[in-house]
Amino acid sequence: MPRKITAGLFISLDGVVEAPDQWHFPYFNDEMGAAVGAGLDTTEILLFGRRTYDSFAGAWPGREAAGGEDAGFAKQLGDLRKIVFSHSRLDLEWRNSEQARGDVAEVAAALKDEPGGDIALSGSVSVVRQLLAAGLLDELRLLVHPIAVRKGMRLFDEGEPPIPLRLLSSETFTTGVLNLVYGPDTAPPTGGYEEAVATLGE
């Protein structure tokens, strides 16, 4: 059975995914913590873009060493195999880290066909976009925050082909955050204006 590839992102109401550290934390609670940790037990590999990797590598090893309340989660991240995509040669110091050899779609497709646990991403928007475009992402997990950030990079670029998605599950947290899980839609709705008007007239 092929591995599953999942991606989790903090996203604002207006689609911004950049710098969630500047707007996300007021909405963090136990519900969100459980959602973020969901599926990690079945994950064997983490995929990263360079910027997200640098952020994680700059924080989690220190938290593990500090032995605080999130040290267990930090150790879990450290123990996973981590593959980083970058056009520049990297010096990766976080344990179990390696640089990808090949482009995103090529490497992800090869990993997906191998036996083993699931593959996950957290952040790494450029990698998520490429996996979506290549049809390799099995689940897109969006934590939609009830805030319009109004600046910053959005998940989907303008001018790119549409990507039909199917809602797999939804949950509303007490903070107003929506936990939405999407998968690829292989049979999206069809029709046009005439069909819509006919439906309204029924």
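Here the structure is a predicted model, which means the values were calculated and not measured. (Residues numbered from 1 in each chain as written. Predicted model: local features only at pLDDT ≥ 70, side-chain atom pairs only at ≥ 80, totals over all residues. Heavy atoms only, no water.)

Caption draft 1: Broad picture of the overall build of the protein chain. Within the protein chain, the secondary structure is distributed over seven helices and eight strands. A globule of 202 residues ought to have a C-alpha radius of gyration of about 17 Å, and the protein chain, at 18 Å, matches this closely. Based on the C-alpha atoms only, the size of the protein chain along its principal axes is roughly 65 × 40 × 35 Å. Looking at the protein chain as a whole, 37% of its 202 residues qualify as buried. Here the analysis covers contacts within the protein chain between residues at least 6 apart in sequence; of these, 69% occur between residues at least 24 apart. Per element, the accessible surface of the protein chain, about 12000 Å² overall, is 52% carbon and sulfur. Charge-centre separation for the protein chain: the mean point of 18 positive side chains lies 6 Å from the mean point of 30 negative side chains. (Helix = DSSP H or I, 4+ residues; strand = E, 2+ residues; numbered from the N terminus. Rg over C-alpha atoms; globule rule 2.2 N^0.38 Å. Buried < 20%, exposed > 50% of the residue type's maximum accessible area, 1.4 Å probe, protein only. Contact = heavy atoms within 4.5 Å. Areas by Shrake-Rupley, 256 points an atom, 1.4 Å probe, with all protein chains shown as cover. Lys, Arg positive; Asp, Glu negative; His and termini not counted. Charge placed at Lys NZ, Arg CZ, Asp CG, Glu CD.)

Caption draft 2: Summary view of the environment of A57. Mapped onto the elements, A57 comes out in helix α2 (residues 50-57). For A57, a relative accessible area of 25% corresponds to the partly exposed category. The sequence separation of A57 and W94 amounts to 37 residues, and the corresponding C-alpha distance is 6.0 Å.

Caption draft 3: Molecular detail of the pattern of salt bridges. Taken as a whole and judged by the stated rule, the model has 13 salt bridges. Put simply, E64 and R95 hold a salt bridge, and the shortest N to O gap is 3.0 Å. One end of the pair, E64, is in helix α3 (residues 60-66); the other, R95, is in the loop between β3 (81-85) and β4 (97-99), and 31 residues separate them in sequence. By relative accessible area, which is 22% here, E64 ends up partly exposed. The exposure class assigned to R95 is partly exposed, which follows from its relative accessible area of 32%. Its salt-bridge partner being R81, residue E98 comes within 3.0 Å of it at the nearest N-O pair. With E98 in strand β4 and R81 in strand β3, this pair connects stretches of sequence that are 17 residues apart. Here R81 falls in the partly exposed class, since its relative accessible area comes to 32%. Members of the salt-bridge network, linked through shared partners, are E64, K75, D79 and R95. (Salt bridge = Lys/Arg side-chain N within 4 Å of Asp/Glu carboxyl O.)

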